[in-house]
Structures are given as structure tokens and as C-alpha cells.
Amino acid sequence: MNIKKFVIDCLLLVGFLVIPYSQAHSVSIPPGVKPCPGGPVLPPCGSVPPGCPCRTVDPEPEPVTISISSLTPQEASFIENETDILIGANISFSSGIARVKLTVDDFSPLEKTLSSSGFVGKRFTITETGSHTAKIEATLVNAVGKTIDMDSTEWEFTTDLTTGIEVPGGPKPPNIFFTSLSPEPGPASVFESVMPILIVGEAGFSLGSDQIAELVLFIDGQKVLSQLSQGSPIFIADQFNTGPGIHTIRIEASVREITDSGMPGGILASDVAEWDIELKSNPVSIILDAQTDTYIRTDLDIRRNDNYGMQEFIMVGTGRGGDSKPFGAADAMRALIRFDNSLIPRVQFTSALLEATLHSFDGSQFSSFTVDIHRILDSGPRTPWVEGTGFEGTETIGKLMNAVDPDTASGVAWAGGNDNPDPEGANNLSQPDFDPMVIASNTINNIYFNANPLGSIFQWDITSLVQGWSDRNVPNAGLLMRDATTDGEFRGLRLGANEGLKFMVPGAVKGPRLVLSWSIGSIPGDITGNNCVDLDDLNIVLAVIRGQAKTGPNLDLDFNSDGAVNIADARKLITLFSNPRGAPCGPL
């Protein structure tokens, strides 16, 4: 045999088979159009051509930072006839502990630790005329002392300690002028999470032996403090604790004559500073996991009495011919969710969001779900509905959950008892009634090349309903989730249920949760924002300690500043009660 000829014949045969196949399956890409990138991981949306599969990327959380503002005195200030000068600034941060160092020239520095935003300052005795340098260094650390962020500011001011020019033929006329105001006057300054805030006024003056200087502080038209002095400068300060909102600050400075009785008399010279500040408390939040969650279905007749109370997901979607309805009929699977009303704080919510995580899809890959939220109504013996014991999956996990198969499980079902001819339905209660009004709605896509990626988080704004639960004037029988639309195909949307992560089911995601946000009060311990520290505040702390609720990023319950939230913080809060035994300050 001619081996060389044999090899050549084999190569020709391979080319005959391969070339036509590849030519027959080649894809022509129009000029100027970029192909979709390949690979096992979807690229971020915005980095691929339109129509290509991609994944949404959650925005990075806001960084925790520290900042220095409202320098006192202001940069490049000129100060006359003063020796004791207040040097300071506002230090702002949302969480952590701030270590602040204030230095002026070669004087001994001030070092101070802050657990919340506020003013840091010190009166320095300046003995020389000329330029002086002030410097503030602020370091933000966490509970274990690790540095989170830093800020520093250095500025100069000038002093003239001369006594002034003699006026020929008589004494120097009285004079008064502001040298420092904090917060700085101007358009309404906004301060977030800085309550109480320090209001500072300082004025310099010249006067005779029979004269006296006075500063008077007004907040929202109410006189709160006055200060008299015959030595320059005159200084006034007060902790402002009125609460969130826009407030007017007014400081009146005057030189008065001293009457024969030794009391201040008529005004000889004056100056007035008036400006607005706005105080805002950052919304705080807690997260509640669902107390119970399950889903019911009528997509097939044999499923109408099934219970899925222990399933790792809840589900909405269309039908497959069940309940005498056509294939693809809308609203054939519904989810039921309930939150423990005793854990919902009695506050005025800024938002209340139902949150769910995408688990998976079923059926058609070209579907878009419109997921509506409804309020479940009091339905007599069918409420409160029972989550149930049903689970469809591996026997090992089912035993771990102490669950049974959906057909024999007890609990809520689409149709149970007298509503279902199937004898297996005798151990189930039929689903409760619900209000047809849609409270909130969201769209979730499973359209090929444009599907929401698994693990995506979706939210529904149900603030008005939750406020009713909190005020105890709307019964809380739970929420019903459904998709009332159809494209004629069978499709299912699965969202995470609490049992998934609890029992470590493979592929599980977070279950439904309620993210509650509101503004806290201005007095220590007033978590609910009603200007009272009472049992409602204590209940929030206890819920977090017991693991029944989680805190959001802005809610600090570490009242004893030991770096942990535990029963010691609850005891500390009790010492802050406004009334004995935590009684409310007003009607509930």
C-alpha cells in the first residue's frame, strides 16, 4: 500500500465532509454591526450592542464618608481687638466613630471623639497680631478601630490686637460687629442626621466704661438665650433640638448704656444676623422577613388541592388547561405572603417596599410578567390562611423540613374542602378573598436575549397599605401576588421563599421581605420619630436583638457605644424613657 497516497485521500475526504457543513451553517453579519459577545457569564448591560443578552448591575452602595464644614472663623477672616477666639467646624458623618484633632499655630491641640455628627471647637487665647493657621483632621473609624475615611482642612485668619485709634476730643464711640456665626448664614443650609445642632454667635465690640454688650439668640421667633459682657468678644451658643424642618435663627448684638441702677439701658449700637437652616434626619430602615409565604395553583385540575407551604419558591403564572380554562389562561398560579403585624413599627413611613428575589422561570422563554399586589381580605374561617406543609422535591430535603408531598399536605390551596370534589382536598382550606384593587405592580421579563437575570431584586411600593397596618386601622391578612395577563402560552415566574435559605435548598434565594423607612426623632432613643421615648422604641430594639428584624444602613441602635447591639442597649434605652415604664407621650 502507498501510505502517502492513503493519507492524502483521507485528508481530501475530511475536507469534503467538513467544508460544506461549515459553509451551510455560516452566519453572515451585516457590515458595521458588532456581534454579541460570547462566554459563560453575561456582560453588563450598556457594554454590548442592542438586542444582545446582558445582566443588570446593581449600583454600588453609597460610601460612608466624613466631611468638615462651617469653619469658624471663616477662611481669611480679619479679627480686631480680640484675644480669646473660638476656632472650630462642623464634622458630618452617617455612621461610625470620628476622631478629631484641632490645632492652632503651636498651641496644645484639642483631640475629641464623636459618636455622631456635631460641632468641634475650642477657645484659643491669641496673644500676637498677625496671621494664624488652624487645622482640623477628622478620621472616621468603625467599631473595631479600622479607618473608613479621612478629611482634613487647613485655613488662615488674621488678628489685630491693637486697641484702636483714639478719637480726638472724647471717648471712642461704641461699636459691635459679628466675627463668627455657625452654621454660616446664607441660603438655607441643609443638615442631615445632625440633631441636635450647635448654634454659635460671636461678636467683637468697643465700648466705654459705662456701657455693656449683649447678644440675644432667637430660634423660630422665640428668645432662648441672652448673654451680657463688658469684655470683648462676647460669645453665645445653644444646642438646637426642635427637630426636622426649616427653622429661622436670629442673633441680635447690641451695645447698651448702663443705667444708674446698674441695668442695661438704651441701645447705642447694634447688629443683627438672621438666616434659615433646614434640618433633615436621614431615613432609617428595618427589614422584616415574611412570616409566612406559599403559592396556590389551578393550572392543572390535579393541582387545585395542592399545598406548597414548604417550597423554596413562590410562583405566579398561567394555566395548562386546568379549571376548565384554555391552555395559557391568565392568573392560574398565585402567591400569598404575610408579615407579622406586631413587628411593624408605629411610625409615619416615608416608604414601605415589598421586595422579592427572582428564583427562576418555567414554560415559555418569550414571556413578560405583570406582577400585581392585592390586599387579602378577612374571609371568615379561611383567614388567617395557613402556610401549610407541602413540598415537591428531593426526599432528603423534604424530611429535613418535616414536609409532605403537596397532594396530601394540609394548608391553604386553590380549592379545598367543600370547594373541591377531589377527596384529597378535605385537608385543605380554600384560598382567601382579596381586594380587586391593585396596590402596586411591577414587570419582570423572560424574553430571550433580554431576560431579567436570576437573582434580580424587584420592589413594589405598598406604603399606604403598610401605614394602615401600622396605624392599626387596616386589618393585616396578608398580600396576594398574581399576573392577570396572558400571551396564550404556559409560563411561570418563581420568586424566592423563606424556606429555601432556611433549609439550604440548592439554588435557593432570599424570600419576600418588607423594607420599612422613616425619619427618627431628635432626642436620644426616639427611634420612631414622635418626640417620645417609649415602648414602641424598645420593641424595635428587641425585634433586632431577637433576629426578627434587620437594621438598614442608617439605623444605629448601639446606645451604649460598645460596638454591638444586644440586651445591654435595650437596658440603656429604658433609662431614656420619657415616661415611667415607657408609657406613650400622647394618645395611640
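Our subject in this report is the structure included herewith. Predicted, not measured: the structure shown is a model, and the values here were computed from it.

### A short note on helix α5 (residues 535-545)
For step 1, the next point in the chain: For α5, the tally of buried residues reaches eight of 11 residues, placing the bulk of the element in the interior.
For step 2, the next point in the chain: Packed against the buried residues of α5 are β17 (283-289), β29 (513-519), β30 (550-551) and α6 (567-574).
For step 3, the next point in the chain: One side-chain oxygen at the N-terminal end of α5 lies 3.1 Å from the backbone nitrogen of Asp536; it belongs to Asp534.
For step 4, the next point in the chain: Looking one or two places after α5, you find Gly547, whose phi comes out positive at around 80 degrees.

### Quick look at the nonpolar core
For step 1, the next point in the chain: Trp460, Met481 and Leu516 are the most contacted members of the largest nonpolar core, which totals 57 residues.
For step 2, the next point in the chain: If near-sequence neighbours (up to four positions away) are discounted, Leu516 is found in contact with Val284, Ser285, Ile286, Leu288, Ile344, Pro345, Phe349, Ser351, Ala352 and Val466.
For step 3, the next point in the chain: The next biggest cluster of nonpolar side chains, apart from the first, holds 24 residues, and it includes Ile87, Ala89, Leu102 and Phe157.

### Notes on the side chain of His359
For step 1, the next point in the chain: By the element assignment, His359 lies in strand β21 (residues 349-363).
For step 2, the next point in the chain: Side chain to side chain, His359 and Ser360 meet in a polar contact 2.7 Å long.

### Quick look at the environment of Pro384
For step 1, the next point in the chain: Mapped onto the secondary structure, Pro384 falls in the loop between β22 (366-375) and α2 (395-401).
For step 2, the next point in the chain: Residue class for Pro384 comes out exposed when judged on its relative accessible area of 62%.
For step 3, the next point in the chain: Put simply, Pro384 and Arg338 are 46 residues apart on the chain and 9.5 Å apart in space, counted from C-alpha to C-alpha.

### Description of the packing of aromatic side chains
For step 1, the next point in the chain: Tallied over the full model, the rule gives five aromatic pairs.
For step 2, the next point in the chain: Consider the rings of Phe107 and Phe124, whose centres lie 5.8 Å apart with planes at 55 degrees: the pair is tilted. With Phe107 in the loop between β4 (97-104) and β5 (110-114) and Phe124 in strand β6 (residues 118-125), this residue pair connects regions lying 17 residues apart in the sequence.
For step 3, the next point in the chain: Exposure remark for Phe107: the relative accessible area of 31% places this residue in the partly exposed category.
For step 4, the next point in the chain: Through a chain of ring-to-ring contacts, the aromatic side chains of Tyr295, Tyr308 and Phe313 assemble into a single cluster.
For step 5, the next point in the chain: Between the NZ or CZ atom of Arg320 and the centre of the ring of Phe490, over which it lies, the distance is 4.5 Å.
For step 6, the next point in the chain: The positively charged end of Arg338 is found above the aromatic ring belonging to Trp385, 4.4 Å away from the centroid.

### Some remarks on the state of the cysteines
For step 1, the next point in the chain: Applying the stated criterion across every chain yields a total of one disulfide.
For step 2, the next point in the chain: Note on cysteine connectivity: Cys532 is disulfide-linked to Cys585, with sulfurs 2.0 Å apart. Judged by the torsion about the S-S bond (75 degrees), the Cys532/Cys585 disulfide is right-handed. Placement of Cys532 in the loop between β29 and α5 and of Cys585 in the segment after α6 is noted, with a sequence separation of 53 residues between them.
For step 3, the next point in the chain: Note on Cys532: relative accessible area 1%, which makes it buried.

### With respect to the sheet that holds strand β1 (residues 66-72)
For step 1, the next point in the chain: Pairing in this open sheet of three strands is antiparallel, and the strands run β1-β3-β6 from one edge to the other. Every other strand in the sheet has two partners, leaving β1 and β6 as the edge strands with one partner each. The average undirected angle you get between the axes of adjacent strands in this sheet is 20 degrees.
For step 2, the next point in the chain: Relative to β6, strand β3 (residues 84-93) runs antiparallel, the two being bridged by eight bridges. Residue pairing for β6: Ile91 is matched across the bridge by Gly118.

### Let's talk about the pattern of salt bridges
For step 1, the next point in the chain: Summed over all chains, the structure comprises 19 salt bridges.
For step 2, the next point in the chain: Linking Lys550 and Asp289 is a salt bridge whose minimum nitrogen-to-oxygen distance equals 2.9 Å. Residue Lys550 is found in strand β30, and its partner Asp289 is found in strand β17; the two are separated by 261 residues along the sequence.
For step 3, the next point in the chain: For Arg303, the salt bridge identified is with Glu392, shortest N-O distance 3.1 Å.

What counts and what doesn't
- Residues numbered from 1 in each chain as written.
- Predicted model: local features only at pLDDT ≥ 70, side-chain atom pairs only at ≥ 80, totals over all residues.
- Heavy atoms only, no water.
- Buried < 20%, exposed > 50% of the residue type's maximum accessible area, 1.4 Å probe, protein only.
- Helix = DSSP H or I, 4+ residues; strand = E, 2+ residues; numbered from the N terminus.
- Contact = heavy atoms within 4.5 Å.
- Polar contact = N/O pair within 3.5 Å; in protein donor to acceptor, adjacent residues only side chain to side chain.
- Core = buried A, V, L, I, M, F, W, Y, C linked by side-chain atoms within 4.5 Å.
- Phe/Tyr/Trp six-rings, centres within 6.5 Å; stacked < 30°, edge-to-face > 60°.
- Lys NZ or Arg CZ within 6 Å of the ring centre and 35° of its normal.
- Disulfide = S-S within 2.5 Å.
- Pairing = 2+ DSSP bridges.
- Axes fitted to C-alpha atoms, helices over the stretch in contact; angles between N-to-C directions.
- Salt bridge = Lys/Arg side-chain N within 4 Å of Asp/Glu carboxyl O.

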